[in-house]
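Architecture at a glance
Listed below, chain by chain, are the residues.
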Amino acid sequence: MAPPLLELRQLAKSFGGARALRGVDFDLQAGEVHALLGENGAGKSTLIKIVTGAHQPDRGTIRVAGELVDHLTPATAHARGIACIYQQPALFPDLTVMENIALRLEAGAPFARVDWKGRRSRAVELLRRIGAEISPDAEVRSLSMPEQQLVEIACALGAGARIVIMDEPTASLTQKEQHLLFAVVRELRRSGVGVIYISHRLEEIFALADRVTVLRDGETVGTNPIAAINEAALIRMMVGREMTQIYPPSEAAPTEVALELRSLGCAEAGVTDVSFQVRAGEVFGLAGLVGAGRTELARILFGLTPADAGEIRLHGQVIHPRSAVEAVAAGIAYVPEDRRRHGVVLELPIAHNMTLAVQRRLFPRGWLRTEAEQSLALEFIRDLAIKCTGPDAPAGSLSGGNQQKVSLARWLATKPRLLILDEPTQGVDVGAKGEIHRIIRRLARSGLPVLLISSDLPEILGMSDRIGVMRAGRLVGVLPGGSDAHAVMAAALGQEQGAA
Amino acid sequence: MSVATPTSPAPRAWLALLRRHETILLLVLVAEWLFFYWAGTSTNRRGVVVGFGTLDRQFDILRHTCEIGLLALALTPVILTAGIDLSVGSLLGLCAIVFGGLWRDVGLSIPLAMALTLTCGAAAGGLNAVLITALRLPPLIVTLGTFSLFRGLAEAITRGAVTYTDFPTGFLALGQERALGLPTQAWVFAFAAVAVWLLVHRTTLGRSFRAIGFSPEGARYAGLPVNRRLAFVYILAGFIAAVAAVIYTARLGQAKADAGLGYELFAITAVVLGGTSIFGGAGSVHGTLLGVAAIAVLKNGLASLPIVIRLNAAEELSGVLTGALLLVALTASVIPRIVSRLRPRPAPPVSVP
């Protein structure tokens, strides 16, 4: 038997303190579609980045077509026939299909004459090979997203790719477009190309894949032929059984309703008919896959994309925040997902970052008061155990976990009436993660209602008193705290209950 | 950050202060001034000291600098928010014409004409603000448009021919006399400088300008009223441009449509020379003041050098040297980064062929 196209053994990779991969085994045969499945943060993206040469593994071996490769860069990965098709194709929108293909494939001699005839015939040939009906003269801007993906695939084939990685290729496609893409994937398989197919949609995996490998917490849980496994078993493999981390116990004695959403919706944000209640002192977890509409819901509550349907009641009072300014005035605090772009201003000192949302209260007449600011900052630095050289250090000089605490401190300083946390521990090392969990518990105990958005399933299960599950912009279920992971994952994936 | 806090140990604080852009600029300014004092001062045949070193000449520099200095003060908050306002020079011209017209053609009193001119300046700044915040157009394009618009209006009002003159002497004192030992307009400039300094360095508004300049999205997520803050800086810039227009008119005793032609570029040069980042966020008002002074001393000092007077090349040389000064200052600010990049690093592992 020929050696596999790609063979990974015990691949490990850490970022700072966070271990993204702990020991992954994976192999890909010629003429195979091999699905890669796992929760958000299970290590799929890191794995792809290593295979495409963007990251170097800390440990482990990579063999391409049986040959040991000990240093993969984007250029050598390309030369060895590894290509990745991303969700958002990286093509030049103002150039034609033919020109885009040529740019990828031609070695540029600065003053060479352009061989338009050769370019055209190659483009036509490549597009024909994948069965795409796209004119080589069409401007890429005029193509639909799947057509652009097809152009990417044509480029990959033209470069002699033997290993094609597809990262959630159907995430933004319509049903019809998906079928077109599936046909191309099958065509690739027939021509002996190995396809690594990443998707959250189980039905696609069953329709397309030959084998499936499940990753969890940076480790391979198992590889199975698709015929030998069912959906319930896959879900079980994804979520695992035991908790990997100890979560502080909930002491919630929820009292009155603090936040109530009634049929809340916003067409622009893609959120429809969301209704739930959060009690004071309760941690309400929001689970769901990436793109399920959880961050969008938070942005509605924070006034960034105002609601166009339904009602928000905060402590019995109907509010309709149309801007972040209004949301803050209403007592809503939002610790955003993208810490570096939204959570803190990296260049500003820690102290300035912490007072940005309380300027009006701390400096009522508009004059900065350095002593008040410094003492507030020092208090939070001590209280949240922020590791820094002092309140004047720029926020950008801190580690991810400490930046997150600065972002949190900014909102705690406002003495909020509702705290929304969006992926509060994403990219944060284990120690800081535990500290943030304890802080969340403490805040809930003091009577603050907390809306916790997280893609880290154990975190949602361990921290929440109740769990709302969202899918495609809708709330598809509210489960009690301590629910098991299967139930949450099944709801998030849109599977019927009872299969497990 | 521009406001130092005395937390670090003394020797390191000294070193940090020495490496600050403002400190270096101050040293350049002093060196410049001493050079021109030495090379540009002489005694004429009658034994009278003439040239750069005289008090009259120093006051002259001050008078000529106030308008560009005011525009540079107006631009500092704008550039801190990562914006730009190219229209301030044209607005100076428009406001000068409006002021002259209100006084002579409409027949208003000088104080009333002044008040209306300042309102007009703020309103023109408001036009920039609306286009930038409500329509989300880039400041460079908006103010490039109003740059032409304001100058064009000034020329249309005067048909390119009318010059307003014969202002009352009481008004001309603002631009030509002295008050409390200094040129009168220097007091206006000093007041504006202190006010803008306090605004930028001591108020929550100034803090928001920086936050917006560093990260407009970050500022929005912090619940800051980004659009209101941006509107404020452009309206303020328009208002200060109108103040500069009144002073300009008083200094020259006439208001013409070409008043303040090209001043915006000098003002931007001064702000950037003063260490304010054109990308927003970082910078200081005292830096701007030093930048204005460095350019003003250079320009006027050159004109007093005997060799330059003989060659009659003051204008040309000052243009060349101002440009050179700006480029040197900008280069100096990136040198530490380049040096750190050149430092030897561990060689990357050899890749597979």
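Keep in mind it's a predicted model, so treat the numbers as computed, not measured.

Parameters and conventions
As a convention, each chain's residues are numbered from 1 in the sequence order in which they are written. Here chains are named by letter from A upward and ligands by number from 1 upward, in the order in which they appear as written. Local features in this predicted model are restricted to residues of pLDDT 70 or higher, and side-chain atom pairs are both shown and tallied only at a pLDDT of 80 or more, whereas totals for entire chains, interfaces and linings draw on every residue. Remark: hydrogens and water are excluded; side-chain values derive from all non-hydrogen atoms of the structure. Residue-level confidence of the predictor is summarised by pLDDT, bounded by 0 at the bottom and 100 at the top. Only heavy atoms enter the contact rule, under which two residues are in contact if any of them lie within 4.5 Å. For Phe, Tyr and Trp, rings pair up if their centres lie within 6.5 Å, where Trp contributes its six-membered ring, and each pair is then called stacked (planes under 30 degrees apart), edge-to-face (over 60) or tilted (otherwise). Only DSSP runs of H or I with at least four residues qualify as helices, and only runs of E with at least two residues qualify as strands; both kinds are numbered from the N terminus onward. Under the scheme applied here, a residue whose accessible area is under 20% of the maximum for its type counts as buried, over 50% as exposed, and between as partly exposed, the area being computed with a 1.4 Å probe on protein chains only. Only lysine NZ and arginine CZ atoms are considered, and such an atom sits over a ring when it is within 6 Å of the ring centre and within 35 degrees of the ring normal. Domain delimitation in this document rests on an assignment produced automatically or drawn from a domain database. By buried area we mean the combined loss of accessible area, with a 1.4 Å probe, across both parts when two parts are placed together. By convention in these notes, a salt bridge is any Lys or Arg side-chain nitrogen within 4 Å of a carboxyl oxygen on Asp or Glu. As used in this structure description, the phrase polar contact means that two N or O atoms lie within 3.5 Å; if the pair is within protein, one of them must be able to donate a hydrogen and the other to accept it, and residues adjacent in sequence are counted only when both atoms belong to side chains. Expected helix span is computed as 1.5 Å times (number of residues minus one). Consider a residue and the seven residues that end there alongside the seven that start there; fitting an axis to each set, the bend is the angle between those axes. Definitions used for this entry: grid spacing 1 Å over protein atoms alone; cavity, a set of points where a 1.4 Å probe fits but cannot get out; pocket, an open set with protein on both sides within 12 Å along at least 5 of 7 lines; lining residue, one with an atom within 4 Å of a point. Grid points are joined across faces, edges and corners, and a volume is the space filled by probe spheres set on the points. Gly counts as polar in this scheme, as do all residues outside two lists: the nonpolar Ala, Val, Leu, Ile, Met, Phe, Trp, Tyr, Cys and Pro, and the charged Asp, Glu, Lys and Arg. Should DSSP find at least two bridges between two strands, the strands are regarded as paired. Working convention: axes come from line fits to C-alpha atoms, limited for helices to the stretch in contact. Angles between N-to-C directions cover 0 to 180 degrees.

**Some words on the confidence of the model for chain B**
Atom-level detail of predicted coordinates should not be read off regions where pLDDT is low. Residues and elements named next belong to chain B. When pLDDT is averaged across chain B, the result is 87; 89% of the residues are at 70 or more. Note on residues 1-9: pLDDT is under 50 here. Beyond four places in sequence and across chains, it has 16 contacts. This model gives residues 345-353 a pLDDT under 50, and the stretch forms 8 contacts once residues within four places in sequence are excluded.

**Looking at the packing of aromatic side chains**
A full pass over the atoms with the stated rule returns 15 aromatic pairs over all chains. Consider the rings of B:Trp33 and B:Phe52, whose centres lie 6.0 Å apart with planes at 65°: the pair is edge-to-face. Highlighted residues: B:Trp33 in helix α2 (residues 21-39) and B:Phe52 in the loop between β2 (49-51) and α3 (55-80), separated in sequence by 19 residues. Residue class for B:Trp33 comes out partly exposed when judged on its relative accessible area of 30%. Overall, B:Phe52 belongs to the buried group, its relative accessible area being 0%. When the ring of B:Tyr248 is compared with that of B:Tyr263, the centres are 6.2 Å apart and the planes differ by 70°; the resulting orientation is edge-to-face. Placement of B:Tyr248 in helix α11 (residues 226-252) and of B:Tyr263 in helix α12 (residues 263-273) is noted, with a sequence separation of 15 residues between them. Classification of B:Tyr248 by relative accessible area gives buried; the value is 10%. Its relative accessible area of 15% is what places B:Tyr263 among the buried residues. Taking NZ or CZ as reference, A:Arg119 lies 5.0 Å from the ring centre of A:Trp116, over its face. Positioned above the aromatic ring of B:Phe266, the side-chain terminus of B:Lys299 is 4.4 Å from the ring centre.

**Overview of the domain arrangement of chain A**
One frequent convention defines the size of an interface as the accessible area lost when the parts assemble. All names here are of chain A. By domain assignment, chain A separates into domain 1 (6-239) and domain 2 (257-493). Using only C-alpha atoms to locate each centre, domain 1 and domain 2 end up separated by 35 Å. Both faces considered, domain 1 and domain 2 share a buried interface measuring about 970 Å² in area, 74% of it formed by carbon and sulfur atoms. Counting across the domain 1 and domain 2 interface gives 0 salt bridges. Linking domain 1 to domain 2 there are 0 residue pairs in polar contact (both at pLDDT 80 or more). At 4 residues, helix α8 (residues 231-239) tops the list of elements feeding residues into the side of domain 1 that touches domain 2.

**Some points on α3(B)**
Residue and element names in this part refer to chain B. Between the first and last C-alpha of α3 there are 35 Å, a value that for 26 residues agrees with the 38 Å anticipated at 1.5 Å per step. Most pronounced at cysteine 66, the bend in α3 amounts to some 45°. With 19 of 26 residues buried, α3 lies mostly within the body of the structure. Following α3 by one or two positions, alanine 82 has its phi on the positive side, about 70°.

**Topic: empty space enclosed by the protein**
Residues and elements named next belong to chain A. Applying the stated criterion across every chain yields a total of 2 cavities of 30 Å³ or more. Estimates place the volume of the second largest cavity at around 30 Å³. For the lining of the second largest cavity, the elements supplying multiple residues, two or more each, are α15 (400-412) and α16 (430-445). Broken down by class, the residue content of the lining of the second largest cavity amounts to 6 nonpolar, 1 polar and no charged.

**Some thoughts on unusual backbone geometry**
Residues and elements named next belong to chain A. With a phi close to 45°, serine 263 is a non-glycine residue in the positive phi region. The partly exposed category is assigned to serine 263, whose relative accessible area is 37%. The backbone phi angle of glutamate 423 is positive, close to 50°, even though this residue is not glycine. Residue placement: glutamate 423 occurs in the loop between β17 (418-422) and α16. On the basis of relative accessibility, which here comes to 6%, the residue glutamate 423 falls in the buried class.

**As for the pairing of strand β7 (residues 163-167) of chain A**
Side chains on a regular strand alternate between the two faces of the sheet. All names here are of chain A. Across the 5 residues that make up β7, a large majority, 5, are buried. Neither face of β7 is exposed, since Ile163, Ile165 and Asp167 on one face and Val164 and Met166 on the opposite face are all buried. In terms of strand pairing, strand β6 (residues 82-85) meets β7 through 4 bridges, oriented parallel. Across the sheet, residue cysteine 84 finds its bridge partner in β7, namely isoleucine 165.

**With respect to the interface of chain B and chain A**
If you look at the interface, chain B gives 27 residues, while chain A gives 33 residues. Counting every contact that joins chain B to chain A gives 1 salt bridge. Residue A:Glu373 is joined to B:Arg207 by a salt bridge in which the shortest nitrogen-to-oxygen separation is 2.7 Å. Here chain B and chain A share 5 residue pairs in polar contact (both at pLDDT 80 or more) between them. Among the secondary structure elements, those contributing two or more residues to the side of chain B that touches chain A are α8 (184-202), α9 (204-214) and α10 (216-221) of chain B. Class assignment of the residues belonging to the side of chain B that touches chain A gives a composition of 11 nonpolar, 10 polar and 6 charged.

**Notes on the sheet that holds strand β12 (residues 271-279) of chain A**
Residues and elements named next belong to chain A. Overall, antiparallel pairing links the 4 strands, which are arranged β12-β11-β14-β15 in an open sheet. Bordering the open sheet on either side are β12 and β15 (317-319), each of which pairs with just one other strand. Shown here is a sheet whose adjacent strand axes are inclined to one another by a mean of 20°, direction ignored. Pairing between strand β14 (residues 309-314) and β15: 3 bridges, direction antiparallel. Along β15, the bridge assignment pairs isoleucine 312 with isoleucine 319. Set on the sheet, helix α9 (residues 294-301) makes contact with β11 (257-266), β12 and β14; between it and β11 the angle comes to about 110°.

**What to know about the pattern of salt bridges**
Residues and elements named next belong to chain A. Summed over all chains, the structure comprises 26 salt bridges over all chains. Glutamate 67 is paired through a salt bridge with arginine 80; the nearest N and O atoms lie 3.6 Å apart. Remark: arginine 80 occurs in the loop between α2 (74-79) and β6 and glutamate 67 occurs in strand β5 (residues 67-69); sequence separation between them is 13 residues. Shared partners join several salt bridges into a network, and the residues in it are Glu260, Arg262, Glu311 and Arg313.

**Observations concerning the environment of A:Ile235**
All names here are of chain A. Among the structural elements, isoleucine 235 can be located in helix α8. Given a relative accessible area of 6%, isoleucine 235 falls into the buried group. Counting along the chain gives 21 residues from isoleucine 235 to valine 214, while the straight-line C-alpha distance between them is 9.4 Å.

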